[in-house]
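Residues per chain are reported as follows:
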Amino acid sequence: MSEIILDVQHLTKQYLKHTVVRDVSFQVQQGTICGLIGPNGAGKTTIMKALGGLIAPTSGSISLFGEKTEAGLAHSRSRMCFLIETPYAKQEMTARENLKKLCMQKGIPAEDQIDRVLNLVGLADTGKKQVRNFSLGMRQRLGIAGALLSNPEVMVLDEPVNGLDPEGIVEIRNLLLKLNREEHITILISSHLLTELSLLCTDYVIIRSGEVIRRITADELKRECHEYFRISAADNTMLPAVLQNQLGITDFTTEKDGSVRLYERTGEIERISRTLYENGIIPVEMHMHDANLEQYYMNLVGDTDVQRDEGTVISDCPA
């Protein structure tokens with residue numbers, strides 16, 4: 001089993017009488033990309049600020065690389081990088097000039113590191129172009145480049161694709177996958193854009209109103225979010241009984257309107273349709289559906305407070 005790098009136990013944060021994070025517990029293993037999923041205001045940023053030492057928890061504990069003391073946490077954070085606020089850069093300077101200034105501030109030998117991170121994030125060819133002329137995606141990649149200067153083992157990223165156009169989102173996604181797979185950096189990333197996390201993460205922590213409502217791996221999610229065939233008839237009353245008694249089908253669920261979600265033998269639809277007709281059931285809808293992360297989340301929380309990214313199609317469950 002991989003080493004547990006990040007361990008949060010019973011984390012609670014209150015501001016006066018308002019509790020923004022309540023009894024949150026989760027772990028992040030080495031080499032994974034863990035997605036913290038939740039709508040805006042769910043408490044994601046508060047959790048990440050606590051991890052970064054920017055705010056003190058009201059109660060609960062945080063362990064980083066096995067360290068829990070203040071001195072141990074401070075040392076562990078030196079092995080990590082945190083992008084919680086919008087990355088800052090001098091607008092009138094180039095990418096290289098900004099990184100050189102950052103190296104001076106951090107006491108990092110400049111040239112070799114700057115070339116390395118610019119190549120990693122795909123900004124090596126920006127030359128004398130000033131940051132003021134960068135796209136939002138390029139600025140975000142520059143922020144990640146700055147975070148990479150210290151060779152972190154773990155990256156903590158709060159909504160890194162928020163506000164980006166589709167091209168910028170793809171650029172950041174591909175960059176994070178590259179950093180994880182090739183540079184072996186463990187990543188904790190928060191987002192309300194379920195599409196992106198479903199294409200990126202190996203593990204998920206789903207939160208709502210400051211509380212964890214589910215922890216699940218990508219493999220487990222794939223098993224729970226599998227395709228199904230929806231069957232609806234003019235009269236759904238006898239539909240479940242015919243499927244079970246005449247066809248021996250047991251892996252299905254019945255919706256509130258009596259329609260059925262069929263999870264097995266979806267390749268035998270002609271036979272199923274014929275059997276239904278023979279038993280006086282006239283199908284009015286027979287369609288294949290793919291479950292997705294948004295639907296899974298909606299089923300968990302039981303309402304519609306998930307934030308959608310305009311123009312972004314919610315993807316199927318991760319492959």
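Residues numbered from 1 in each chain as written. Predicted model: local features only at pLDDT ≥ 70, side-chain atom pairs only at ≥ 80, totals over all residues. Heavy atoms only, no water.

Asks: Which residues make up the packing of aromatic side chains, and what values go with them?
Replies: Tallied over the full model, the rule gives zero aromatic pairs. When the ring centre of Tyr15 is taken as origin, the NZ or CZ atom of Lys13, which lies over that ring, is 5.0 Å away. The ring of Phe65 carries the charged tip of Arg79 above its face, separated from the ring centre by 3.7 Å. (Phe/Tyr/Trp six-rings, centres within 6.5 Å; stacked < 30°, edge-to-face > 60°. Lys NZ or Arg CZ within 6 Å of the ring centre and 35° of its normal.)

Asks: With reference to specific residues and values, describe the pattern of salt bridges.
Replies: Tallied over the entire structure, the rule returns 10 salt bridges. Taking the shortest distance from any N to any O, the salt bridge between Glu153 and Arg79 comes out at 2.8 Å. Separated by 74 residues along the polypeptide, Glu153 in the loop between α5 (136-148) and β6 (154-158) and Arg79 in the loop between α2 (70-77) and β5 (80-83) bring together distant segments of the chain. Its relative accessible area of 32% is what places Glu153 among the partly exposed residues. Residues Arg230 and Asp257 are paired through a salt bridge, measuring 3.1 Å at the closest nitrogen-oxygen approach. On the criterion of sequence distance, the pair formed by Arg230 in strand β10 (residues 228-233) and Asp257 in the loop between β11 (252-254) and β12 (260-262) is long-range, its members being 27 residues apart. (Salt bridge = Lys/Arg side-chain N within 4 Å of Asp/Glu carboxyl O. Helix = DSSP H or I, 4+ residues; strand = E, 2+ residues; numbered from the N terminus. Buried < 20%, exposed > 50% of the residue type's maximum accessible area, 1.4 Å probe, protein only.)

Asks: Any details on the sheet that holds strand β4 (residues 59-64)? Residues and values, ideally.
Replies: Here three strands make up an open sheet; going across it, the order is β2-β1-β4 and the pairing antiparallel. At either margin of the open sheet sits one strand with a lone partner, and together these are β2 (18-29) and β4. Going from strand to strand, the sheet's axes swing by 15 degrees on average, the running direction of each strand aside. Note that strand β1 (residues 4-15) and β4 share five bridges and pair antiparallel. Across the sheet, the residue bridging to Thr12 is Ser59, located in β4. (Pairing = 2+ DSSP bridges. Axes fitted to C-alpha atoms, helices over the stretch in contact; angles between N-to-C directions.)

Asks: So what's going on with the environment of Pro240? Residues and values would help.
Replies: Looking at the secondary structure, you find Pro240 in helix α9 (residues 239-247). Along the chain, Pro240 and Thr250 lie 10 residues apart, while their C-alpha atoms are 9.0 Å from each other. Beyond its immediate chain neighbours, meaning those up to four positions away, Pro240 contacts Phe252, Thr254 and Val260. (Contact = heavy atoms within 4.5 Å.)

Asks: Give a description of the environment of Ile272 that names residues and reports values.
Replies: Looking at where Ile272 falls in the secondary structure, it is placed in helix α10 (residues 269-278). Here the alpha-carbon distance between Ile272 and Ile231, two residues 41 residues apart in the chain, equals 10.0 Å. Contact partners of Ile272, with chain neighbours within four places excluded, come to Ile231, Leu243, Leu247, Ile249, Leu262 and Arg265.

Asks: Requested: an account of helix α3 (residues 95-106), with residues and values cited.
Replies: The terminal C-alpha atoms of α3 lie 17 Å apart, and with 12 residues this matches the ideal 16 Å at 1.5 Å per residue to within 8%. Of the residues making up α3, those classed as buried are Ala95, Asn98, Leu99 and Cys103. The buried residues of α3 occupy an angular sector of 140 degrees when the element is viewed end-on, so they sit on one face. Looking at α3, the residues exposed on the side facing more than 90 degrees away from the buried face are Met104 and Gln105. Backbone geometry just downstream of α3 places Gly107 in the positive-phi region, at approximately 70 degrees. (Expected span 1.5 Å × (residues − 1). Arc of directions from axis to C-beta.)

Asks: Kindly report on unusual backbone geometry, identifying the contributing residues and their values.
Replies: A positive phi is found at His10, a non-glycine position, where the angle reads about 55 degrees. Inspection of the secondary structure assignment puts His10 in strand β1. Look at His10 and you get partly exposed, because its relative accessible area is 47%. We note that His184 has phi near 60 degrees; this positive angle belongs to a residue other than glycine. Following the sequence through the fold, His184 ends up in the loop between α6 (166-181) and β7 (186-191).

Asks: Which residues make up the sheet that holds β11, and what values go with them?
Replies: One key point about sheets: their strands pair by backbone hydrogen bonds, in either a parallel or an antiparallel sense. Reading across the sheet, the four strands line up as β11-β12-β10-β13 and stay open at both edges, with antiparallel pairing between neighbours. Because the sheet does not close on itself, it has two edges, and the strands there are β11 and β13 (283-289). Strand after strand, the sheet turns through a mean of 20 degrees between neighbouring axes, direction not considered. Sheet analysis places β11 next to β12, joined by three bridges and oriented antiparallel. Each bridged residue has a counterpart across the sheet, and for Thr253 the counterpart in β12 is Arg261. Sitting on the sheet, α9 touches β10, β11 and β12, and the angle it makes with β11 is about 160 degrees. In the packing of α10 onto the sheet, the strands contacted are β10, β12 and β13, and the crossing angle to β13 comes to about 160 degrees.

These figures come from the coordinates and say nothing about function on their own.
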